[in-house]
Amino acid sequence: MFDENRVDMKKRHLDSDVKARRLPPNKGWLLAALLVTAALLFLLSATALVTQGRSVVASSSSSSSTAAASSYVSTPMQLQAILHYATSRVVPQQSLAEISLSFNVLREASPCNFLVFGLGHDSLMWAALNPRGTTVFLEEGESWIRSVLAKAPALQAYHVQYPTRLAEADELMATYRNEPDCMPGHARLGRESRCRLALPGLPEEVRDKQWDVIMIDAPRGFFAEAPGRMGAIFTAAVMARGRVGEGMTHVFLHDVNRRVERTYAKEFLCMKYKVEGVGRLWHFEIPPSHNVNATRFC
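Reference entry: report on the structure contained in this document. Predicted model, so just to flag it, every value in this text is computed and none were measured.

What counts and how
- Residues numbered from 1 in each chain as written.
- Predicted model: local features only at pLDDT ≥ 70, side-chain atom pairs only at ≥ 80, totals over all residues.
- Heavy atoms only, no water.
- Helix = DSSP H or I, 4+ residues; strand = E, 2+ residues; numbered from the N terminus.
- Buried < 20%, exposed > 50% of the residue type's maximum accessible area, 1.4 Å probe, protein only.
- Areas by Shrake-Rupley, 256 points an atom, 1.4 Å probe, with all protein chains shown as cover.
- Core = buried A, V, L, I, M, F, W, Y, C linked by side-chain atoms within 4.5 Å.
- Contact = heavy atoms within 4.5 Å.
- 1 Å grid on protein atoms, 1.4 Å probe; cavity = no way out; pocket = protein on both sides within 12 Å on 5 of 7 lines; lining within 4 Å.
- Points joined across faces, edges and corners; volume = space filled by probe spheres on them.
- Nonpolar A, V, L, I, M, F, W, Y, C, P; charged D, E, K, R; others polar.
- Pairing = 2+ DSSP bridges.
- Disulfide = S-S within 2.5 Å.
- Axes fitted to C-alpha atoms, helices over the stretch in contact; angles between N-to-C directions.
- Salt bridge = Lys/Arg side-chain N within 4 Å of Asp/Glu carboxyl O.
- Expected span 1.5 Å × (residues − 1).

### Considering the overall build of the protein
Phase 1 of the analysis: Within the protein one finds eleven helices and seven strands.
Phase 2 of the analysis: For the protein, the residues scored as buried account for 49% of the 298 residues in total.
Phase 3 of the analysis: Accessible surface, the protein: about 14,000 Å² in total, of which carbon and sulfur atoms supply 54%.

### Describing the nonpolar core
Phase 1 of the analysis: By size, the foremost hydrophobic cluster in this structure holds 44 residues, and its most contacted members are Tyr264 and Phe268.
Phase 2 of the analysis: Contributing elements (two or more residues each) for this core: β1 (113-117), β2 (134-139), α8 (169-175), β4 (213-216), α10 (230-241), β5 (249-254), α11 (259-269) and β7 (281-286).
Phase 3 of the analysis: It is α10 that contributes the most residues to this core, nine residues altogether.
Phase 4 of the analysis: Sequence-distant contacts of Phe268, that is, excluding residues within four places in its chain, are made with Met173, Tyr176, Leu197, Ile233, Phe234, Ala237, Phe297 and Cys298.
Phase 5 of the analysis: In terms of nonpolar packing, the next biggest core, distinct from the first, is built from 29 residues, Leu101, Ala128, Leu155 and Leu281 among them.

### Observations concerning the layout of surface pockets
Phase 1 of the analysis: If you add up the space inside the second largest pocket, you get close to 360 Å³.
Phase 2 of the analysis: The leading source of residues in the lining of the second largest pocket is α10, at three residues.
Phase 3 of the analysis: Tallied by class, the residues present in the lining of the second largest pocket amount to eight nonpolar, seven polar and five charged.

### A short note on the pairing of strand β6 (residues 274-278)
Phase 1 of the analysis: Pairing of β6 with β7, which is carried by four bridges, proceeds in the antiparallel orientation. Paired with Val278 across the strands is Leu281, a residue of β7.
Phase 2 of the analysis: In this structure, the hairpin formed by β6 and β7 is closed by a connection of two residues, where Gly279 is found at a positive phi of approximately 60 degrees.

### Examining the state of the cysteines
Disulfide: a covalent bond formed between the sulfur atoms of two cysteine residues.
Phase 1 of the analysis: One pass over the full model with this rule turns up two disulfides.
Phase 2 of the analysis: A sulfur-sulfur distance of 2.0 Å marks the disulfide that ties Cys182 to Cys195. Every disulfide takes its handedness from the sign of the S-S torsion; for Cys182 and Cys195 that torsion is 105 degrees, giving right-handed. Linking Cys182 in the loop between α8 and α9 (204-207) with Cys195 in the loop between α8 and α9, this pair joins segments that are 13 residues apart in sequence.
Phase 3 of the analysis: Relative accessible area serves as the criterion here: at 2%, Cys182 is assigned to the buried category.
Phase 4 of the analysis: Bridging Cys270 to Cys298, the disulfide has an S-S length of 2.0 Å. Taking the torsion about the sulfur-sulfur bond, which here is approximately -90 degrees, the covalent link between Cys270 and Cys298 counts as left-handed. A residue pair is termed long-range when its members are at least 10 positions apart, and Cys270 in the loop between α11 and β6 and Cys298 in the segment after β7 qualify at 28 residues.
Phase 5 of the analysis: Overall, the relative accessible area of 1% leaves Cys270 in the buried class.
Phase 6 of the analysis: Assessed through its relative accessible area of 37%, Cys298 is described here as partly exposed.
Phase 7 of the analysis: Taken in N- to C-terminal order, the disulfide-linked cysteines of the protein are connected 1-2, 3-4.

### Remarks on the environment of Val116
Phase 1 of the analysis: One can find Val116 in strand β1.
Phase 2 of the analysis: When the C-alpha atoms of Val116 and Thr135 are compared, they prove to be 7.5 Å apart, with 19 residues separating the residues in sequence.

### Considerations on the sheet that holds β4
Phase 1 of the analysis: Strands sit in the order β3-β2-β1-β4-β5-β7-β6 across an open sheet of seven strands; the sheet is mixed. Whereas interior strands pair on both sides, the edge strands pair on one side only; in this sheet they are β3 (156-159) and β6. In this sheet, neighbouring strand axes are inclined to one another by 15 degrees on average, regardless of whether the strands run parallel or antiparallel.
Phase 2 of the analysis: Direction of pairing for β2 relative to β3: parallel, over a ladder of four bridges. Residue Phe137 lies in a different strand from β3, and its bridge partner there is Ala157.

### Some thoughts on the pattern of salt bridges
Phase 1 of the analysis: Here the structure, examined in full by the defined rule, presents 15 salt bridges.
Phase 2 of the analysis: Note that Arg243 and Asp212 form a salt bridge whose closest N and O atoms lie 2.9 Å from each other. Taken together, the residues span a long stretch of sequence, with Arg243 in the loop between α10 and β5 and Asp212 in the loop between α9 and β4 at a distance of 31 residues.
Phase 3 of the analysis: Overall, the relative accessible area of 11% leaves Arg243 in the buried class.

### A short note on α10
Phase 1 of the analysis: The first and last C-alpha atoms of α10 sit 17 Å apart over twelve residues, in line with the 16 Å expected at 1.5 Å per residue.
Phase 2 of the analysis: Burial within α10 is extensive, with twelve of its twelve residues counted as buried.
Phase 3 of the analysis: Regarding α10, the residues found buried are Met230, Gly231, Ala232, Ile233, Phe234, Thr235, Ala236, Ala237, Val238, Met239, Ala240 and Arg241.

### Structural notes on the environment of Arg194
Phase 1 of the analysis: Secondary-structure assignment places Arg194 in the loop between α8 and α9.
Phase 2 of the analysis: Residue Arg194 is classed as exposed on the basis of its relative accessible area of 57%.

This is the structure in structure tokens:
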């Protein structure tokens, strides 16, 4: 039983809203905004060297790489992100070290398919860090989607429902193997799945796409009636294992300081695939697996 059950739910919901949307202290917001802006500015040159540099043969001179960088044209999303974070007191919730971990992967992978569980003040940044790629956000709050998209209409977001509750985490872990649709060899996502960890409203265009990078930083998971991230972690694992063709799927899981996130990561994302971590963020590189007889994810 989780300690959160003893906490007044009204206060918990208020705390959740404050955590997700509060303004940083006056002394820190400017530095944080400048750091995010600097990272995005660096991306403009880094992307030019990495993505456009791929078209330059290995024997080309350094002047060729410099020319590629000078010809790079920033995307409207990048420019909007720079303007937003340079002038706003609302900055991403992850630390600079945590953001840098994902940034390093996106810098090498972009343009790529990037799926993010959660829509928030950092969404414009994530989309900007994947220039000319596909970045999609999954969010539980319909009103919050409208609020964010009103300020950043270029973002692509879908509303998803989570049928689970954090208080059910232990019971779901103990019983999921009794349902064939939850098993790694036959796991299914969407409304047709009978697995309680599957997301019933997952859009087909999300379910069927091959995702190169997945970030799990939602839904809410710090009070008993919150959905918890059990379903998001399970879904990411199924997507990564079901990847068609070669290549790893990068999965980032935030808030690993919490018991449920750690427990479900060890069960579905597998510690043998964890390649690095910093702060409250773990990074996994998960290979595809098409073993229909598999009875465990790890």
